[in-house]
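A look at the structure
Spelled out, the chains give:
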Amino acid sequence: MAQDTGMFTVPQTIGSVLCCKCGILMQPNAANMCVKCLRSEVDITKGLQKHVIIIHCPECNKFLQPPRTWMDAELESKGLLTFCVKRIQANPDQWIAAVQLRQHVSHRRTFFYLEQLILKHDAAKNAIRIKQMDQGIDFFFGLALLSSRQLMEFIVLDIEPVSSEVNVGGLKYVLADAQVARVSDFGKKDTIFNIRTHLGHLLNPGDFAFGYDLFGANSNDVELDKYKGFNLPDVILIKKSYEETGQASFVEAQVYQHGD
């Protein structure tokens, strides 16, 4: 095109500079260092956990999943790799759990009030990120206390709804106060936990549910130590149990005997 019009064009070239460390010729960048020197100066893994202590029993060849669970895993297996990765703390910008709040109204007064409460109680420090959405707010958290391997079965002794049914993301929930006991303790101990659960629409007295036992969790666990200043519940129920386990059958038999 330039030749057709008879115009002279100057070809554009990219200038070169010397690396401030090794002196080789390179294209300019903000650090004025070549790629090799930049890698030697900047540690991209800085701040990440590089070591973790894993307890292995040579007698039974099992690994300790804190606080009290022992798991089977072959060396160099996918299961052992997954176990090791889960023991490493998450990066500061990597979330594990998210809480989504939505309100389908024309005003945002409720969220303005919630914002004031968060600021008043300094609750934002517990989240790694808070994102404002179209009809609500998303809270992102970077740490989970217990894994699915530590779920425990509980029996519901009594339950009383404290709120009407709500719909969140197409799922129904009812907040309720409940009395529960460990299935493994039934007939041995009389420990009863008074808790609040979101499963009030599913659970009835005599039902079974899986949950996390924070009351009996190892007090020396590194993850739990970070939450010593919080008022944690004794038990968090996760889902209703529809499968009849051996322990559940035993508990049902005991209940019927006492009922007779």
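Residues numbered from 1 in each chain as written. Predicted model: local features only at pLDDT ≥ 70, side-chain atom pairs only at ≥ 80, totals over all residues. Heavy atoms only, no water.

**Examining the overall build of the protein chain**
Condition: Secondary structure is summarised from DSSP: a helix means a run of H or I of at least four residues, a strand means a run of E of at least two, and numbering begins at the N terminus for each. Per-residue accessibility, obtained with a 1.4 Å probe over protein chains only, is compared with the maximum for each type, and a residue is labelled buried under 20%, exposed over 50%, and partly exposed between these values. Contacts are assigned to residue pairs with any non-hydrogen atoms lying within 4.5 Å of each other. Here the accessible surface of atoms and residues is derived via Shrake-Rupley with a 1.4 Å probe, and residues count as covered only by protein chains that are part of the display.
For the protein chain, the helix and strand inventory stands at six helices and 15 strands. Buried positions account for 25% of the 260 residues belonging to the protein chain. For the protein chain, the proportion of contacts with a sequence separation of at least 24, taken over those separated by at least 6, is 57%. As displayed, the protein chain has an accessible area near 19,000 Å², and 54% of this comes from carbon and sulfur atoms.

**A word on the pattern of salt bridges**
To keep it simple, the criterion reads: Any carboxyl oxygen of Asp or Glu that lies within 4 Å of a side-chain nitrogen of Lys or Arg is treated as forming a salt bridge with it.
Following the criterion strictly, the structure yields five salt bridges and no others. Here Asp-177 makes a salt bridge to Arg-196, at a shortest N to O gap of 2.8 Å. Taken as a pair, Asp-177 in strand S12 (residues 176–182) and Arg-196 in strand S13 (residues 193–197) lie far apart in primary sequence, 19 residues in all. A salt bridge links Asp-213 to Arg-182; the nearest nitrogen and oxygen atoms lie 2.8 Å apart.

**Re unusual backbone geometry**
If you check the backbone angles, Asn-61 has positive phi at about 60° while not being a glycine. Look at Glu-76: it is not a glycine, yet its phi comes out positive at around 65°. With respect to the secondary-structure elements, Glu-76 resides in the loop between strand S5 (69–72) and helix H3 (78–87).

**Quick notes on the side chain of Asp-138**
The topology assignment puts Asp-138 in strand S8 (residues 136–141). The exposure class assigned to Asp-138 is buried, which follows from its relative accessible area of 5%. Discounting chain neighbours no more than four positions away, the residues touching Asp-138 are Val-99, Gln-100, Leu-101, Arg-102, Arg-129, Ile-130, Lys-131 and Met-133.

**Some remarks on the environment of Ile-54**
Position of Ile-54 among the secondary structure elements: in the loop between helix H2 (35–41) and strand S3 (56–57). For Ile-54, a relative accessible area of 28% puts it in the partly exposed group. In the structure, Ile-54 is positioned 33 residues away from Arg-87 in sequence and 8.4 Å away in space, judged by C-alpha atoms.

**Describing the sheet that holds strand S9 (residues 152–161)**
Condition: Strands qualify as paired when DSSP identifies two bridges or more between them. Axes here mean lines fitted to C-alpha atoms, for a helix over just the part in contact, with angles spanning 0 to 180 degrees between N-to-C directions.
Spatially, five strands are ordered S13-S12-S9-S14-S15 in an open sheet, and the strand pairing comes out antiparallel. Strands with a single pairing partner mark the edges of an open sheet, and in this sheet they are S13 and strand S15 (235–241). When the angles between neighbouring strand axes are averaged without regard to direction, this sheet yields 45°. Of the pairings in the sheet, the one linking strand S14 (residues 208–213) to S15 comprises six bridges and is antiparallel in character. Bridge pairing links Gly-211 to Leu-237 in S15.

**What to know about helix H4 (residues 109–120)**
Our working rule: Multiplying one less than the number of residues by 1.5 Å gives the expected span of a helix.
Here H4 spans 17 Å end to end across twelve residues, near enough to the 16 Å set by a 1.5 Å rise per residue. Phi turns positive one or two residues past the end of H4, at Asp-122, with a value near 55°.

**Structural notes on the sheet that holds strand S6 (residues 97–102)**
Strand order in the open sheet made by the three strands is S6-S8-S7, with antiparallel pairing throughout. Here the strands that pair on one side only, and so sit at the sheet edges, are S6 and strand S7 (129–133). Averaged over all pairs of adjacent strands, the angle between strand axes in this sheet comes to 15°, irrespective of strand direction. Contacting S6 and S8, H4 crosses the sheet at an angle of about 30° to S8.

The values reported here are purely geometric and, on their own, carry no functional implication.
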